Amino acid sequence: MFDRALSGTMGQRGERENRMRKYLAVLSTLLLVFGSVPALATTTASNTVIVPITLTIPESVSISTGGVSQISLTNANPQSTLQVTTSWQIKSGHTGAQIFSWFSTLPTGGLNNTPYSAVLFTTAYNGGATVNCGQPAFTGQSFGVAGQNCGSFAFSQNVATDLNDSATVAFTLAVSFPTNQAVGTYGNGVLNLLFEIS
Amino acid sequence: MATGFLIYFLKFLERGKILRKGDKTVKKFLVTALLSLIAIGTVNAQLTATAQVGVTVTVSSVNSITLSQSGGSLTFDPATGQTNTIQFNTTYNLDGTATSIKLYSWFSTPAAALATSNNNNISSSQIAATFMTSGVSSSSGVPCNQAPGIGSGVVDGGACAAALLNNQSLNGGPITSSGGGSIATTYSLAILNYGPSLKLAAGAYTGTLNVMAFAS
């Protein structure tokens, strides 16, 4: 009975020791794993430097005839069409875009060495209505020659919001050969095309 | 004790007939002179009795990084879409636990990194930083839509490529102090694919670039 009691006491103590050993083993493992990790580096931040940035893009518009610098009209080919390319980079606030055309110098020559009549020329844009080149001064414009102005073309693009774009327009110049116009070659005429965004 | 000595001294002078009994003027003079000497001696005794006090002094120097900039503002050339080059200077004093120092630059509003008064915007993803820290790192062409995820005000989605300024391997050991010098990083911006295809409106675009250095 004494032996049994003794062995019971011994058994409880052994169990406690085993538990303690396991606990120590776990603790040692934790220390090995986490204790060996070096101290985490903290982040050090500097002051903030603020740098102003600017980009100034000036307004610009362009018009091009694709390299065409001469138009020759004959009885056999009384009209010529060329592609006019326009582009624009503008600020907000504009309301319209137009192409204007006019003769600053009428072709001159023929038997009588006289200018070819402006009203015998017509212009059309994108195959639309023809307008003869005997128009009065363009309303509200400083350019053009009254009596030698041709038609103008208003773009459908809304330039109030379409601030950077390009568009190509088919421009047709035609001439008529009435019998009362002296025959011959008429040269050195100058036709102007102007693109305006207002 | 001093008074007793004084009386004894005066009587000694009278007995030796060095001083006459009725000579009050000489007595007064001697008394005054002797009292002065005693007083001086007392002052000297106070000075030598001063106690010593120890004061504990503690100096705490924390990690610090300072960033400065030279070259003024960044101005885009409308013909090329590139800015002038400026320089950032980074000085640091660290405890050696940081393994790298990086320079972060970012736009606060990524969708409108640059904007006109009419709300025509250029997003940060259309802008790239070009930088170079001699012998350490350089970069160009990376859009400023990075998300470094470091917080401290750096806006994810509006950050340019981070510029490595220093790390342990380059430094040959722990990063501690810039030693009175500074790390110079040249820096400029470029609009990616700048040209007609961007369809930028004309106008005066303005923006702000934020720049900060981090040690971690």
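Here the structure is a predicted model, which means the values were calculated and not measured.

Asks: Help me understand the overall build of chain B, please; the structure alone is not making it clear to me.
Replies: The secondary structure content of chain B amounts to 3 helices and 12 strands. Buried positions account for 28% of the 216 residues belonging to chain B. Counting only contacts in chain B whose residues sit at least 6 apart along the sequence, the fraction spanning at least 24 positions is 67%.

Asks: Any chance you could explain the overall build of chain A here in plain terms?
Replies: Helix and strand content of chain A: 1 helix and 13 strands. Ordered by position from the N terminus, the helices and strands of chain A form the series α-β-β-β-β-β-β-β-β-β-β-β-β-β. A burial count over chain A gives 21% of its 198 residues as buried. Considering only intrachain contacts with a sequence separation of at least 6, the fraction spanning at least 24 residues in chain A is 71%.

Asks: Help me understand the interface of chain B and chain A, please; the structure alone is not making it clear to me.
Replies: Reports often express the size of an interface as the amount of accessible area lost when the parts come together. Taken together, the contacts link 43 residues of chain B with 25 residues of chain A. At the level of secondary structure, the elements contributing two or more residues to the side of chain B that touches chain A comprise strand 1 (64-70), strand 2 (74-77), strand 4 (86-93) and strand 12 (203-215) of chain B. A per-class count over the side of chain B that touches chain A returns 22 nonpolar, 20 polar and 1 charged.

Asks: Could you clarify how one ought to interpret the sheet that holds strand 7 (residues 114-115) of chain A in this entry?
Replies: Either a parallel or an antiparallel arrangement is found when strands of a sheet pair, and the pairing is made through backbone hydrogen bonds. Residue and element names in this part refer to chain A. The 3 strands are arranged 7-6-12 in an open sheet whose pairing can be described as antiparallel. The sheet is open, and its two borders are formed by strand 7 and strand 12 (186-187), each paired with just one other strand. Where strand 6 (residues 108-109) lies against strand 12, 2 bridges are found, and the strand directions are antiparallel. By the bridge assignment, G109 is partnered in strand 12 with Y186.

Asks: What's the story with the confidence of the model for chain B in this structure? I'm lost.
Replies: It should be kept in mind that the predicted coordinates are not to be read in detail where pLDDT is low. In the predicted model, chain B carries a mean pLDDT of 87, and 78% of its residues have values of at least 70. Model confidence for the complex is summarised by a pTM of 0.73, with the ipTM given as 0.75.

Asks: Looking at this structure, I do not really get the pairing of strand 2 (residues 49-57) of chain A. What am I missing?
Replies: Successive residues of a regular strand alternate their side chains across the two faces of the sheet. Here 9 bridges tie strand 2 of chain A to strand 12 of chain B, and the two strands are oriented antiparallel to one another. Note that in strand 12 of chain B the partner of T54 of chain A across the bridge is T206 of chain B. Pairing analysis gives 3 bridges linking strand 2 of chain A to strand 2 of chain B, with the strands arranged parallel. Residue pairing in the sheet places I53 of chain A in a bridge with L74 of chain B of strand 2 of chain B.

Asks: What exactly am I supposed to notice about the sheet that holds strand 9 (residues 131-132) of chain A here?
Replies: All names here are of chain A. Within the open sheet, the 5 strands sit side by side as 3-4-11-8-9. Their pairing is antiparallel. Strands at the two margins of the open sheet, each flanked by one partner only, are strand 3 (60-64) and strand 9. Across 5 bridges, the pairing between strand 3 and strand 4 (residues 79-89) is antiparallel. Bridged to I63 within strand 4 is T86.

Asks: Any chance you could explain the environment of I127 of chain B here in plain terms?
Replies: All names here are of chain B. Within the secondary structure layout, I127 lies in strand 8 (residues 127-133). Along the backbone, I127 and L192 are 65 residues apart, and their C-alpha atoms lie at a distance of 5.6 Å. Ignoring any residue separated from it by four or fewer positions in sequence, one finds I127 in contact with A113, I122, P143, C144, L189, I191 and L192.

Asks: I keep staring at the pairing of strand 5 (residues 97-105) of chain A and nothing clicks. Help me out?
Replies: Residues and elements named next belong to chain A. Here strand 5 runs beside strand 13 (residues 190-197); their pairing, made up of 8 bridges, is antiparallel. By the bridge assignment for strand 13, W102 is matched with N192. With 4 bridges connecting them, strand 5 and strand 10 (residues 149-154) associate as antiparallel partners. Of the residues in strand 10, the one forming a bridge with W102 is N149.

Asks: I would appreciate a short explanation of unusual backbone geometry in the present structure.
Replies: Backbone phi values are negative for most residues with the exception of glycine, while trans is the configuration of most peptide bonds. All names here are of chain A. Although it is not a glycine, N113 adopts a positive phi angle of roughly 50°. Structurally, N113 is set in the loop between strand 6 and strand 7. What makes N113 exposed here is the crowd of 10 C-beta atoms within 10 Å. Backbone geometry places N188, a non-glycine residue, at a positive phi of 60°. Along the chain, N188 turns up in the loop between strand 12 and strand 13. Look at N188 and you get exposed, because 9 C-beta atoms sit within 10 Å.

Asks: Just checking my understanding: could you explain the environment of T95 of chain A for this structure?
Replies: Residues and elements named next belong to chain A. Inspection of the secondary structure puts T95 in the loop between strand 4 and strand 5. For T95, a count of 9 C-beta atoms within 10 Å gives the class exposed. Along the sequence, T95 and V159 sit 64 residues apart, while their C-alpha atoms lie 6.0 Å from each other. When sequence neighbours within four positions are dropped, the list of residues in contact with T95 reads A160 and S198.

Asks: Would you take a moment to explain the confidence of the model for chain A for this structure?
Replies: Chain-level pLDDT for chain A is 87 on average; 79% of the residues reach the 70-or-more range. Below a pLDDT of 50 lies the segment residues 30-40 of chain A, which in the model reaches 1 contact outside its immediate sequence neighbourhood of four places, other chains included.

Asks: Any chance you could explain the environment of S117 of chain B here in plain terms?
Replies: Residue and element names in this part refer to chain B. Relative to the helices and strands, S117 is located in the loop between strand 6 (114-115) and strand 7 (121-122). Judged by local crowding, S117 falls into the exposed class, with 11 C-beta atoms found within 10 Å. On a C-alpha basis, the gap between S117 and A79 in space is 21 Å, while along the polypeptide they are 38 residues apart.

Cut-off values and rules
- Residues numbered from 1 in each chain as written.
- Chains lettered and ligands numbered in written order.
- Predicted model: local features only at pLDDT ≥ 70, side-chain atom pairs only at ≥ 80, totals over all residues.
- Helix = DSSP H or I, 4+ residues; strand = E, 2+ residues; numbered from the N terminus.
- Buried ≥ 20, exposed ≤ 12 C-beta atoms within 10 Å, placed from the backbone.
- Contact = placed C-beta atoms within 7 Å.
- Nonpolar A, V, L, I, M, F, W, Y, C, P; charged D, E, K, R; others polar.
- Pairing = 2+ DSSP bridges.
- pLDDT = per-residue confidence, 0-100.

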